[in-house]
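Spelled out from the first residue to the last, the chains are:
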Amino acid sequence: MTGPGTGNSTAPVAIAKVGQIDTTTAAQAAPFTRRLANSLRAAAPLLLAVSVAARLAWTYLAPNGANFVDLHVYLGGAAAIDHPGTLYSYVYADQTPDFPLPFTYPPFAAVVFYPLHLLPFGLVAFLWQIATMAALYGSIRISQRLIGVPAGTGRRVAMLWTAITIWIEPLRSTFDYGQINVLLMLGVLWAVYTTRWWLSGLLVGVAAGIKLTPAITGVYFVGVRRWAAAALSVVVFLATIGVSALVVGDQTRYYFTDLLGDAHRVGPIATSFNQSWRGGISRILGHDAGFGPLVLAAIGVTAVLAILAWRALDGPDQLGKLLVVELFGLLLSPISWTHHWVWLVPLMIWAIHGPPRERPGARIVGWGWLALTIIGPPWLLSFAQPSIWQISRPWYLAWAGLVYVVAAVATLVWITVTGPRVALSDGPMPGRRPPVAAAAEDELPTIPSISRAIAMSFLVIPPTECVTRAKVTVRQRISISG
């Protein structure tokens, strides 16, 4: 500081007094969570191997480990091709005497599965489980790429997610029944990820030819103006019908003119396993609501929510927009069995690791869905219903049966409400990281470095505010961008 006789004058400098900050608790928590994250990453291959082995052990050693009833239907329907005119009169009732299972899929599915029926069923069932696990891992990896994880990173995080989600209810029922939904989800995610329009259209068209549910992906293509992919998917789907007509004959016409839209042939509408608007409202009313006023009103409100949720997402957020479409499709469909809800796996990854991870409530959405699906309320409610065919039930069981439906609607509301508040225009909001999907291999959900957060605080915050902000830093999990 210069004295009065120096001839120089300087403005007085404000000195901020920084009090003592108690960072003991946070400092202890950060190393613990970091060590835990590192340990999980290191053990990821082993944990995945244990999870896979446990699933196979459950399948083959538990008294009711898996019955593969849907896989039996796939292969039995395929075998019916050898007996013209019998595809849609075939039923499988060996393990389901109360509900003989018909072949409910498009005829092209029978054509695709035909080679598999020539192999021993035990071998097909084993390979089917391995293929489903591989498709689950592949779906998680593509989901990571869609949220911005660089190629070559994130493998161990994907292994951990695979090890965990093998045990959520949509995957449990997938394995139990030998369902195909995970393989179809992989095809759809690949179609969205690739920039090759012809491959996108081919994948979705073939997937819809095998099972109609992936056809909702066409709405995504239209929404993002991928016109060529959308058009080709329709052309390929029509081609699957043509191939089916050549191989299966008149059964193709019978399916698309007589059977399509007959939800009762697919299964019991009001069983707790049907987590769609029609199923949920039917359980509450005590009779099949069909597509009556209440169901149509619920679907209409959901459509509006889906549009608003889509508009609340950032332009490049491909996975988020796809998930909005898939959630709408699940609620729209007359029947959405719990194994159709495999789309919750990429939804969890998107909420926890993806662009919306900085939104308020993102972790509640992601981890909440994980906790909900591990518990599996529809599975638990199935033990309380007298039979899969009885629609009426006590009011508390009927309303509890809306669990996935309400959670999905709440997710759409959350996307809509939180989107505008965190959307970025030209740059990041002060004090908040850009919502870039950085779920790389070294990034498990954990507390950021306390020292880094405090250091960055002094770089971007005026000195007089440092004490207040630093105290907030040690109490909360924050990230401050320089």
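Residues numbered from 1 in each chain as written. Predicted model: local features only at pLDDT ≥ 70, side-chain atom pairs only at ≥ 80, totals over all residues. Heavy atoms only, no water.

**A short note on the overall build of the protein chain**
Alright, step 1. A tally of helices and strands in the protein chain yields 22 helices and 2 strands.
Alright, step 2. Here the protein chain holds 482 residues, and 50% of them are scored as buried.
Alright, step 3. Within the protein chain, contacts between residues at least 6 apart in sequence are counted, and of these 76% link residues at least 24 apart.
Alright, step 4. Taken as a whole, the protein chain presents about 22200 Å² of accessible surface, with 67% of it coming from carbon and sulfur. (Helix = DSSP H or I, 4+ residues; strand = E, 2+ residues; numbered from the N terminus. Buried < 20%, exposed > 50% of the residue type's maximum accessible area, 1.4 Å probe, protein only. Contact = heavy atoms within 4.5 Å. Areas by Shrake-Rupley, 256 points an atom, 1.4 Å probe, with all protein chains shown as cover.)

**A few points about the pattern of salt bridges**
Any two side chains of opposite charge can pair, so long as their charged atoms come close to each other.
Alright, step 1. The tally for this structure, following the rule as stated, stands at 3 salt bridges.
Alright, step 2. For Asp176, the salt bridge goes to Arg55, with nearest N and O atoms at 3.0 Å. Of this pair, Asp176 sits in helix α6 (residues 169–177) while Arg55 sits in helix α1 (residues 24–61), and the two are 121 residues apart along the sequence. (Salt bridge = Lys/Arg side-chain N within 4 Å of Asp/Glu carboxyl O.)

**Overview of the environment of Ile166**
Alright, step 1. With respect to the secondary-structure elements, Ile166 resides in the loop between α5 (155–165) and α6.
Alright, step 2. Ignoring sequence-local partners within four residues, the contact set of Ile166 consists of Ser51, Val52, Arg55, Met133, Leu136, Leu171, Arg172 and Phe175.

**Quick notes on the packing of aromatic side chains**
Describing an aromatic ring pair means giving the distance of the ring centres and the angle of the ring planes.
Alright, step 1. Per the counting criterion, the structure on display carries 21 aromatic pairs.
Alright, step 2. Between Phe103 and Tyr105 the ring centres are 5.5 Å apart and the planes differ by 75°, which places this aromatic pair in the edge-to-face class. The same class applies to Phe103 and to Tyr105, which are both buried.
Alright, step 3. Ring centres 5.4 Å apart and planes at 55° place the aromatic pair Trp341 and Tyr404 in the tilted group. Remark: Tyr404 occurs in helix α20 (residues 403–422) and Trp341 occurs in the loop between α15 (318–332) and α16 (344–353); sequence separation between them is 63 residues.
Alright, step 4. In this structure Trp341 comes out as buried when scored by relative accessible area, which is 0%. (Phe/Tyr/Trp six-rings, centres within 6.5 Å; stacked < 30°, edge-to-face > 60°.)

**A closer look at the environment of Thr240**
Alright, step 1. Within the secondary structure, Thr240 sits in helix α10 (residues 227–248).
Alright, step 2. Here Thr240 falls in the buried class, since its relative accessible area comes to 4%.
Alright, step 3. C-alpha of Thr240 to C-alpha of Phe108: the two residues are 132 residues apart in sequence and 6.0 Å apart in space.
Alright, step 4. Beyond its immediate chain neighbours, meaning those up to four positions away, Thr240 contacts Phe108, Gly205, Val206 and Gly209.

**Thoughts on unusual backbone geometry**
Alright, step 1. You will see that Phe68, though not glycine, has its phi angle at about 55°, which is positive.
Alright, step 2. Here Phe68 lies in the loop between α1 and α2 (69–79).
Alright, step 3. Despite not being glycine, Arg225 shows a phi value in the positive range, around 60°.
Alright, step 4. As for its placement among the helices and strands, Arg225 is situated in the loop between α9 (217–223) and α10.
Alright, step 5. On the basis of relative accessible area, Arg225 is assigned to the exposed category, the value being 62%.

**Digging into a nonpolar patch on the surface**
Alright, step 1. A cluster of nonpolar residues, Tyr60, Leu61, Leu119, Leu123, Phe126, Leu127 and Ile130, forms a patch on the protein surface that exposes about 660 Å² of accessible area.
Alright, step 2. No other element matches helix α4 (residues 121–146), which puts 4 residues into the nonpolar patch.
Alright, step 3. Examined against the element boundaries, Leu123 turns out to sit in helix α4. (Patch = residues over 30% accessible without salt bridge, like charges linked within 9 Å, V, L, I, M, F, W, Y side chains within 5 Å.)

**So, the side chain of Ser333**
Alright, step 1. Relative to the helices and strands, Ser333 is located in the loop between α15 and α16.
Alright, step 2. Given the relative accessible area of 18%, Ser333 is considered buried.
Alright, step 3. Within polar-contact distance, the side chain of Ser333 engages the backbone oxygen of Ile335 at 2.8 Å. (Polar contact = N/O pair within 3.5 Å; in protein donor to acceptor, adjacent residues only side chain to side chain.)

**Considerations on the packing of α4 against α5**
Alright, step 1. Remark: α4 packs on α5, axes separated minimally by 9 Å, with the N-to-C direction vectors making an angle of 130°. As far as their axial angle goes, α5 and α4 are oblique. Along this stretch, α4 crosses α5, giving a crossing that reads as right-handed. Here Met133, Leu136, Tyr137, Ile140, Arg141 and Gln144 of α4 lie close against α5, whose contacting residues are Arg155, Val157, Ala158, Met159, Trp161, Thr162 and Thr165.
Alright, step 2. Among the residues forming the contact of α4 with α5, the class breakdown is 8 nonpolar, 3 polar and 2 charged. (Axes fitted to C-alpha atoms, helices over the stretch in contact; angles between N-to-C directions. Parallel < 35°, antiparallel > 145°, perpendicular 65-115°, else oblique. Left-handed = near helix turned anticlockwise from the far one by under 90°. Nonpolar A, V, L, I, M, F, W, Y, C, P; charged D, E, K, R; others polar.)

**A short note on the nonpolar core**
Alright, step 1. Within the largest apolar cluster, 81 residues are counted, with the highest numbers of intra-cluster contacts made by Trp277, Trp341, Trp350 and Trp369.
Alright, step 2. Grouped together as the second largest cluster of nonpolar side chains are 31 residues, Phe68, Leu87, Tyr105 and Ile210 included. (Core = buried A, V, L, I, M, F, W, Y, C linked by side-chain atoms within 4.5 Å.)

**With respect to the side chain of Arg55**
Alright, step 1. The exposure class of Arg55 is buried, given its relative accessible area of 1%.
Alright, step 2. Separated by 3.0 Å, the side chains of Arg55 and Asp176 make a polar contact.
Alright, step 3. For Arg55, the contacting residues outside a window of four places in its chain are Gly65, Ala66, Met133, Ile166, Trp167, Arg172, Phe175 and Asp176.

**Side note on the confidence of the model for the protein chain**
Alright, step 1. In the predicted model, the protein chain carries a mean pLDDT of 84, and 81% of its residues have values of at least 70.
Alright, step 2. Ignoring residues within four places in sequence, the model shows residues 1–19, a span with pLDDT below 50, making 8 contacts including any to other chains.
Alright, step 3. Within the model, the stretch residues 421–482 combines pLDDT values under 50 with 106 contacts to residues more than four positions away or in other chains. (pLDDT = per-residue confidence, 0-100.)

**Brief notes about the packing of α16 against helix α17 (residues 362–375)**
Any two packed helices are characterised by how steeply their axes cross, that is the angle between the axes, and by the distance between the axes.
Alright, step 1. Running from N to C, α16 and α17 point in directions that differ by 150°, and their axes come no closer than 7 Å. By the angle between their axes, α16 is roughly antiparallel relative to α17. Both α16 and α17 take part in a crossing whose hand is left-handed. Where α16 abuts α17, its residues Leu344, Leu347, Met348, Ala351 and Ile352 lie against Ala362, Arg363, Val365, Gly366, Trp367, Trp369, Leu370 and Thr373.

**Digging into α10**
Alright, step 1. Helix length check: α10, at 22 residues, gives a terminal C-alpha distance of 31 Å against a target of 32 Å (1.5 Å per residue), a fit within 8%.
Alright, step 2. Along α10, the residues classified as buried are Ala229, Ala230, Ser233, Val236, Thr240, Ser244 and Val248. On an axial view of α10, the arc spanned by its buried residues comes to 120°, and they lie on one face. Of the residues in α10, the exposed ones pointing more than 90 degrees away from the buried face are Trp227, Leu238 and Leu246. (Expected span 1.5 Å × (residues − 1). Arc of directions from axis to C-beta.)

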